[in-house]
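Architecture and fold: a report
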Amino acid sequence: MKDNSVVMIKEYQSVCCVKGMQGYGYLDSRNFAKLESFILKNSRSDADNNVLELMKITYASQVGKVITARNFVGTINFGSHTSLEILPKIYSPNSDTLSDEKVKEIFFKMLLSVKNMPFKKISESNINVQKNNIWEIFIKIFIDRVTILVKQGLKSGYLTCCDNEAYFKGKLQIREHLRENFTDEKHFIEYDVFALNRPENKIIKSTLLFLQKYNCCSQNLKNIVQLLKFFSDVSPSKNYEDDFLKCRFERGMTGYADVLNICRAFLGGNSFNVFAGDNNLSALLFPMELLFESYIAKILKKSFMGTEYEISVQEQGVYLFDTPQKFRLRPDIVIKHNNSMVVLDTKWKLLTSSGGKKNGISQQDIYQMYAYAKRYSAKQVILLYPYSDNCEQQCIEYHTDVESVCVKVMFVDLTKEDDIVDEVVAHVKNILI
């Protein structure tokens with residue numbers, strides 16, 4: 001079987017259906033139309049899932065219609081041996097160009113930092129994330145988790161059945177019996193059976209069948225076929241959401257929760273699968289704003305662990321107004337020490353010197369930081385951005401003389417191995433002495 005071909009782009013890069021266009025990824029007209037339909041179908045007006053954050057459909061001279069990625073990264077599979085990978089745009093002060101393999105490695109590190117991430121078991125699956133495409137990596141993780149369940153033994157459960165039988169057991173359903181039977185030769189009965197055909201196994205089988213249909217690589221496909229043999233007595237789910245609601249994680253169900261979390265992602269019921277696919281396309285896309293925020297918070301918590309500094313993430317105890325208490329503030333990170341505090345907020349945006357005197361910093365973000373400074377009586381508010389080689393000014397501060405509000409902009413080099421936030425930690429400790 002032919003393995004998947006991968007079209008790879010970065011945030012804010014574009015794809016078109018014209019071959020050989022420099023600076024553009026190429027999708028054939030059929031898959032380009034699928035992607036366009038997918039974007040239009042998932043166009044929503046709510047603030048949390050604005051389609052313009054996912055991809056934008058525009059026209060370019062001499063190219064025609066193009067689709068440009070925004071700040072959602074991950075993979076889109078077209079079910080035709082083709083997938084589109086969207087990687088984050090990451091820069092390093094020590095390298096002009098980062099390899100796609102290095103960017104992918106950083107992306108997966110960031111994925112692992114997100115709470116309730118369905119793909120937490122990457123490190124246990126012995127996968128070379130640099131060499132494999134994202135879609136196959138996610139499938140391999142799922143296969144490995146289901147394989148563990150199979151080796152432990154799939155769990156059976158008591159299921160209620162209603163049938164018109166020649167024998168009698170369980171409870172007679174009088175109304176149905178009178179309607180179905182004119183003689184006493186059969187009995188319409190309700191009874192319990194102990195079988196594998198429980199909702200949890202139905203969902204897992206449905207996910208295996210779903211992935212089999214999407215032309216995964218030959219090795220993953222072989223493993224899926226092997227696993228399906230263990231689900232021969234299980235019928236596929238007819239209603240995913242209904243079966244998810246019926247799932248029960250009683251004693252002895254160890255391992256099922258992780259597997260079903262991944263099922264939710266593939267079948268379109270997980271919050272990380274922000275834009276649902278359809279019969280023609282499947283997508284696993286992740287907002288970089290969330291990944292960056294979670295990753296930095298995790299590293300900072302680890303850096304301050306065991307110290308006298310108190311760190312809290314997504315604190316929600318302060319409102320913009322006291323009477324009435326309205327407009328809850330939710331800074332990404334608050335660090336306290338000796339009755340003083342510093343508030344940090346992460347922003348996934350590449351600042352640039354071409355952004356004028358503001359370097360592309362949003363006025364709305366600065367208003368938000370000012371509110372944090374006043375309501376938390378913070379000694380300083382720090383805005384954390386990823387490093388950008390397009391921003392010459394690496395030390396940016398804003399002060400108010402009368403109210404002593406200070407907002408500092410700092411940059412994080414995501415390519416560092418262990419000391420990604422060392423400069424931030426040292427600065428915070430110096431402020432809170």
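This text follows the structure it describes.
Quick caveat, the model's predicted, so the values are computed rather than measured. (Residues numbered from 1 in each chain as written. Predicted model: local features only at pLDDT ≥ 70, side-chain atom pairs only at ≥ 80, totals over all residues. Heavy atoms only, no water.)

**Some words on the pairing of strand E18 (residues 396–400)**
- When E18 meets strand E19 (residues 405–412), the two strands line up antiparallel, connected through five bridges. Each residue of the ladder has a partner; that of Thr400, found in E19, is Val405.
- In sequence, E18 turns back onto E19 through a hairpin of four residues, with Ser404 there showing a positive phi of about 55 degrees. (Pairing = 2+ DSSP bridges. Helix = DSSP H or I, 4+ residues; strand = E, 2+ residues; numbered from the N terminus.)

**Re the pairing of strand E14 (residues 326–329)**
- The sheet contact formed by strand E13 (residues 318–321) and E14 spans three bridges and is antiparallel. Each residue of the ladder has a partner; that of Phe321, found in E14, is Lys326.
- The loop that links E13 with its antiparallel partner E14 comprises four residues.

**Some remarks on the pattern of salt bridges**
- Counted by the stated rule, this structure contains 13 salt bridges.
- In this structure, the salt-bridge partner of Asp242 is Lys246, at a minimum N-O distance of 3.2 Å. With Asp242 and Lys246 both in helix H8 (residues 240–246) and four residues apart, the pair spans about one turn of that helix.
- Of the residues examined, Lys246 reaches a relative accessible area of 43% and is grouped as partly exposed.
- Beyond isolated ion pairs, a larger network of salt bridges with shared partners links Lys102, Glu105 and Lys109. (Salt bridge = Lys/Arg side-chain N within 4 Å of Asp/Glu carboxyl O. Buried < 20%, exposed > 50% of the residue type's maximum accessible area, 1.4 Å probe, protein only.)

**Looking at the packing of aromatic side chains**
- Evaluation of the coordinates by the stated rule reveals ten aromatic pairs.
- One residue, Arg264, lies across the ring of Phe244, its end atom 4.0 Å from the ring centre. (Phe/Tyr/Trp six-rings, centres within 6.5 Å; stacked < 30°, edge-to-face > 60°. Lys NZ or Arg CZ within 6 Å of the ring centre and 35° of its normal.)

**Observations concerning helix H7 (residues 218–228)**
- For H7, the full list of buried residues reads Asn220, Leu221, Ile224, Leu227 and Leu228. Burial along H7 is one-sided: seen end-on, the buried residues are contained in an arc of 125 degrees.
- Against the buried residues of H7 lie helix H4 (134–152) and helix H6 (199–213). (Arc of directions from axis to C-beta. Contact = heavy atoms within 4.5 Å.)

**Digging into empty space enclosed by the protein**
- Inspection of the entire model under this criterion finds one cavity of 30 Å³ or more.
- A volume near 30 Å³ is recorded for the largest cavity.
- Taken together, Lys89, Ile90, Tyr91, Trp348, Leu350, Pro386, Tyr387, Val412, Asp413 and Leu414 make up the lining of the largest cavity.
- Counted by class, the lining of the largest cavity contains eight nonpolar, no polar and two charged residues. (1 Å grid on protein atoms, 1.4 Å probe; cavity = no way out; pocket = protein on both sides within 12 Å on 5 of 7 lines; lining within 4 Å. Points joined across faces, edges and corners; volume = space filled by probe spheres on them. Nonpolar A, V, L, I, M, F, W, Y, C, P; charged D, E, K, R; others polar.)

**Digging into the sheet that holds strand E1 (residues 5–10)**
- Read across the open sheet, the four strands follow the order E1-E7-E6-E11; overall the sheet is mixed. Of all the strands in the sheet, just E1 and strand E11 (282–287) have a single pairing partner and so form its edges. Sheet twist, expressed as the mean angle between neighbouring strand axes with direction ignored, is 10 degrees. (Axes fitted to C-alpha atoms, helices over the stretch in contact; angles between N-to-C directions.)

**So, unusual backbone geometry**
- Residue Pro324 is reached from Thr323 by a cis peptide bond, and omega for that bond is -15 degrees.
- Mapping Pro324 onto the fold places it in the loop between E13 and E14.
- Residue Tyr12 is not a glycine yet carries a positive backbone phi of 65 degrees.
- The topology assignment puts Tyr12 in the loop between E1 and strand E2 (14–16).
- At Ser377, a position not held by glycine, the phi torsion is positive, near 50 degrees.
- Within the secondary structure, Ser377 sits in the loop between helix H11 (363–375) and strand E17 (380–386).
- When its relative accessible area of 60% is taken as the criterion, Ser377 is described as exposed.

**Observations concerning the side chain of Glu200**
- Mapping Glu200 onto the fold places it in helix H6.
- Of the residues examined, Glu200 reaches a relative accessible area of 1% and is grouped as buried.
- Excluding residues within four positions of it along the chain, Glu200 makes contact with Lys246, Cys247, Arg248, Met253, Tyr256 and Leu260.

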